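Secondary and tertiary structure notes
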Amino acid sequence: MAWSAARAKASFPHTPRMNPDRIALTVTADQPGPKISRHIFGQFAEHLGRCVYEGIWVGEDSPIPNVRGIRSDVVAALRAIKVPNLRWPGGCFANAYHWRNGIGPRAKRPLMRNDTWGLAETNAFGTHEFLDLCEQVGCQPVICGNLGSGTVQEMHDWVEYLNAPVGSVLANERAANGHPAPYGVRFWGVGNESWSCGGVMRPEYYADEFRRYSNFLGNYEKTRLYRIATGPAVDNYAWTEVIMRECTNPPYNGAVMDGLSLHYYMNGLTPPAKVPRSLPAAGFDHADWNTVMSHGWFLDELLRKHIAIMDRHDPTRRMGLIVDEWDSWYENDPSHPANELYQQQTVRDAVLAALTLNLFIAHAERVHMANVAQVINVLQAMILTFGEKMVCTPSWHAFQLYVPHHDATRLPVTSNAPMITHVDGSYPRVSATASLAADKSVTITLAHTDPAKPVTIELTFTGLPAACRPSGQILTAPALTDINTPDAPNSVAAKSWTDFSFDGKKLIAMLPAGCVAAVTFTK
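Note that the coordinates shown come from a computational prediction; the quantities given were computed from them, not determined experimentally.

Let us look at the state of the cysteines. Linking two cysteines covalently via their sulfur atoms produces the bond known as a disulfide. Considering all chains together, one arrives at one disulfide under this definition. A disulfide bridge connects Cys 92 with Cys 197, and the sulfur atoms are separated by 2.2 Å. Every disulfide takes its handedness from the sign of the S-S torsion; for Cys 92 and Cys 197 that torsion is -85°, giving left-handed. With Cys 92 in the loop between β5 (85-88) and β6 (112-114) and Cys 197 in the loop between β9 (187-190) and α6 (203-215), this residue pair connects regions lying 105 residues apart in the sequence. In this structure Cys 92 comes out as buried when scored by relative accessible area, which is 16%. The thiol of Cys 144 is unpaired, and the distance to the nearest cysteine sulfur, on Cys 197, comes to 9.1 Å. On the basis of relative accessibility, which here comes to 2%, the residue Cys 144 falls in the buried class.

Structure, rendered in structure tokens:
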């Protein structure tokens, strides 16, 4: 169906009737670049609010359909977006978590208080339950060890318990608890936010602690560990400098570190805000929208500057930058306790997710993994649960549009998209990513950040195989502030998109205000 201004107004009432600007983009399909690791589309689950209990774990006796206590609807939704990895148990909770409390018969596990988030903790969801969840979802586990209140011995034993073959005391205990085969957990975070909730450490002190802990985390059979050091918060470049200097190639164990983390929460309380401010999750205006986009694009500066430091110390780029906590963080929803960190989502969050994923892909040479916070019921979640009901958020739909980029090869994209100016920093009106998959299909994803007006794009391909057929999807909403609820679960959802022309080399389309679009070309 051809696009018309009248149809645009009927479908997108927040879009005024006007002649939009035209943006030209070019994709060079025969010049493949670096691999886009599927792990940058990772998730994060912490014992916080209703993320684990209700969101994931309901118990075997629950009337909510489950497999061994884990919600079946949640597993199906996560499988649908091909979640590659899941980080657990925190977050700040990891700094007080002792893994032995979460193994063995559940009736004998100790009750405790989750002092980090002011919650009761039953330990019903522990190590085996988490790894069962990962197996059901089909993703790799990322375990964050306790360097804050734990010991080297405790973290060493956790690795041995999970990865050693039967024959040692700890491996035999794992077998007795129902899993004789080693789990082969590869990804390990050594502490979390050690500059804050993880111990309020100086970078020099943490570097020594990381080297000590990491040295005693053993490799078993074919599982070589990938050890992730606590990296900086936002723009603490001094922290990155010290950790890279001290841990890149220390004497006697040069491979002690494989990745360095980075945390960035996008809201009005962190850089680049000139004046601290709290932003609403749903009842926002165009000014609030623009602030969020500005803070999202500030990640580009963060990545460039942290990567420059890493490149000086690791010019071969052996180590990965692991952005294992990122999201939008808004003011508290008054209908929920403040310590749940619950928030609704709109198409703004889908556009922000696409903008962020485009940046990770743009820096794929160094960004090897990322984890959005958090997977269910907390902050920029993929899923919201309402008792026995569940909805997928706009961010889930954005992640679904990006599935073709998993482990694909990045393709060069040039664009004349103008920058939208904002007091906290400019950001592009249209951000794009293109990739070449193993099956030779080409996918381009587009994030349109302007909340007020549509834009026409002219997308030219060079090197695209002949006779390719495009198929498109678009993610937008009748109003910018629409949300998904049990009564209206698809108010903001990706839909088939055919409102474009394609002559074999050039695609022309009009993007409505505030949207994410994806087009895949196949023979």
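There is more to say, and it comes next.
Moving on, we come to the side chain of His 295. In this fold, His 295 is placed in helix α8 (residues 286-313). Given a relative accessible area of 0%, His 295 falls into the buried group. Polar side-chain contacts of His 295 include one of 2.9 Å to the side chain of Asp 424.

So, on to the packing of helix α7 (residues 237-247) against α8. Look at α7 against α8: their axes get within 9 Å of each other, and the N-to-C directions meet at 25°. Here α7 lies roughly parallel to α8, going by the angle between them. The hand of the α7/α8 crossing is right-handed. Of the residues in α8, those touching α7 at Tyr 237, Thr 240, Glu 241, Met 244 and Arg 245 are Glu 301, Leu 302, Lys 305, His 306, Ile 309, Met 310, Arg 312 and His 313. Its residues placed into classes, the contact of α7 with α8 shows five nonpolar, three polar and five charged.

Definitions and limits used
Residues numbered from 1 in each chain as written. Predicted model: local features only at pLDDT ≥ 70, side-chain atom pairs only at ≥ 80, totals over all residues. Heavy atoms only, no water. Disulfide = S-S within 2.5 Å. Helix = DSSP H or I, 4+ residues; strand = E, 2+ residues; numbered from the N terminus. Buried < 20%, exposed > 50% of the residue type's maximum accessible area, 1.4 Å probe, protein only. Polar contact = N/O pair within 3.5 Å; in protein donor to acceptor, adjacent residues only side chain to side chain. Axes fitted to C-alpha atoms, helices over the stretch in contact; angles between N-to-C directions. Parallel < 35°, antiparallel > 145°, perpendicular 65-115°, else oblique. Left-handed = near helix turned anticlockwise from the far one by under 90°. Contact = heavy atoms within 4.5 Å. Nonpolar A, V, L, I, M, F, W, Y, C, P; charged D, E, K, R; others polar.

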